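Secondary and tertiary structure notes
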Amino acid sequence: MKKSEDRLKVIDNIKAATERGDLNCKVEIGDPTNIDMETVLNFDVMRQQPINKIKKIIATKIANEYTKIFNRDTEIVGLENVKGIRTGAIITCNHFSPQDSTVIRYFTNKIHKKHKLDIIIEESNIFMTGQFGFLMNNCGTIPISQSKQYISQSFMPAMEYYLKKRHFILIYPEEEMWFNYRKPRPFKIGAYHIAVKNDVPIISCFIEMKEIPGEYDENGFNKLKYILHILPTIYPDQDKDYQEAKKEMMNKDFEQKKECYERVYNKKLTYDFSEEDIAGLKEDE
């Protein structure tokens, strides 16, 4: 089946990035590039304005319905690993699709009586238009920015506020989305900085992708079934030096995801590029 030229271009970008060892770079094409910092600085991260509270209710209902549809075949393994959590927490996960957050929402909706979900997104996403843009702006999303003013005055206070309210906050430690890329990539420290600072655990997740033979999506790729692996929860060691504690959490999280990848795909993790790294790319045999 003919595949989308845009998606093939992104895959070429992924291949080039792996060859030069740049595993956290942007590979998507067509993302918004005009960032209005005034809009970012004034983003209502805590939904304090009444109109934004209403928008969040509407957006969350839409997202929940979409989540049910998108994840009708999704499996969850390891729910027992979150049974003992009584506080807020940071969820970390591999990032390979605009819809992968629905897999996490599917999981948190099963325990939503205790914990609501917030999602950290790249600041450029709040400038998207249409229904997807509406969801990006209002569905419990919080933009991350390079602005030190925004981080200190808005972002970090929001992290503390939501974690105290026992929310689960999804942060992608790989940062950039790599389309249908199966492998876990090196992590940035931010998620673990927030976990140690607020004394909350990391809920370590890895999404496995399996092709559905004979079924194709709008891009000409095999449709995928998702298996969410919830790995052992990682708690901050407050007896250790702050810098050491967050690096320890990050390293342990990566090792868990690496072990999961190697187990479910039955191969050692390397960053040599193969078509099999991109779920749904290879034609059915």
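One can find the structure itself at the top, above this paragraph.
Residues numbered from 1 in each chain as written. Predicted model: local features only at pLDDT ≥ 70, side-chain atom pairs only at ≥ 80, totals over all residues. Heavy atoms only, no water.

**Quick notes on the pairing of strand 5 (residues 168–171)**
Residues F168 and L170 of strand 5 are buried on one face, and the alternating residues I169 and I171, pointing to the opposite face, are buried as well. Bridge count for strand 2 (residues 89–92) against strand 5 is four bridges, and the pairing is parallel. Bridge pairing links T92 to I171 in strand 5. Relative to strand 5, strand 3 (residues 117–122) runs parallel, the two sharing three bridges. Bridge pairing links D118 to I169 in strand 5. (Buried < 20%, exposed > 50% of the residue type's maximum accessible area, 1.4 Å probe, protein only. Helix = DSSP H or I, 4+ residues; strand = E, 2+ residues; numbered from the N terminus. Pairing = 2+ DSSP bridges.)

**A closer look at the pairing of strand 7 (residues 222–230)**
Consecutive side chains along a regular strand alternate between the two faces of the sheet. Strand 7 sits mainly inside the fold: seven of its nine residues count as buried. As defined by bridge partners, strand 6 (residues 202–216) adjoins strand 7 across eight bridges and the pair is classed as antiparallel. Residue pairing for strand 7: K210 is matched across the bridge by K225.

**Focus: unusual backbone geometry**
What is expected of a backbone is that most residues other than glycine have negative phi and most peptide bonds are trans. Unusually for a residue other than glycine, R47 sits at a positive phi of about 50°. Among the secondary structure elements, R47 is positioned in the loop between helix 2 (37–41) and helix 3 (50–70). Judged by its relative accessible area of 5%, R47 is buried. The phi torsion at E175 lies on the positive side, around 70°, for a residue other than glycine. In this structure, E175 sits in the loop between strand 5 and helix 7 (190–198). A residue is classified by how much of its surface remains accessible, and E175, at 46% relative accessible area, is partly exposed.

**Observations regarding the packing of helix 3 against helix 4 (residues 100–109)**
As a packed pair, helix 3 and helix 4 sit with axes 9 Å apart at the nearest point and diverge in direction by 100°. If you check the angle between helix 3 and helix 4, you find them roughly perpendicular. Each of T60, A63, N64, Y66, T67 and F70 in helix 3 lies in contact with helix 4, whose residues at this interface are T102, R105, Y106 and N109. Residue composition of the contact of helix 3 with helix 4, grouped by class: four nonpolar, five polar and one charged. (Axes fitted to C-alpha atoms, helices over the stretch in contact; angles between N-to-C directions. Parallel < 35°, antiparallel > 145°, perpendicular 65-115°, else oblique. Contact = heavy atoms within 4.5 Å. Nonpolar A, V, L, I, M, F, W, Y, C, P; charged D, E, K, R; others polar.)

**Looking at the side chain of D277**
With respect to the secondary-structure elements, D277 resides in the segment after helix 8 (242–265). Contacts of D277, omitting those with residues within four sequence positions, involve N180, Y181, R182, K183 and D272.

**Details of helix 7**
Among all positions of helix 7, only A191, Y192, I194, A195 and V196 are buried. Buried-residue contacts for helix 7 involve strand 2, helix 6 (148–164), strand 5, strand 6 and helix 8. Once helix 7 finishes, D199 follows within two positions and takes phi at roughly 55°, a positive value.

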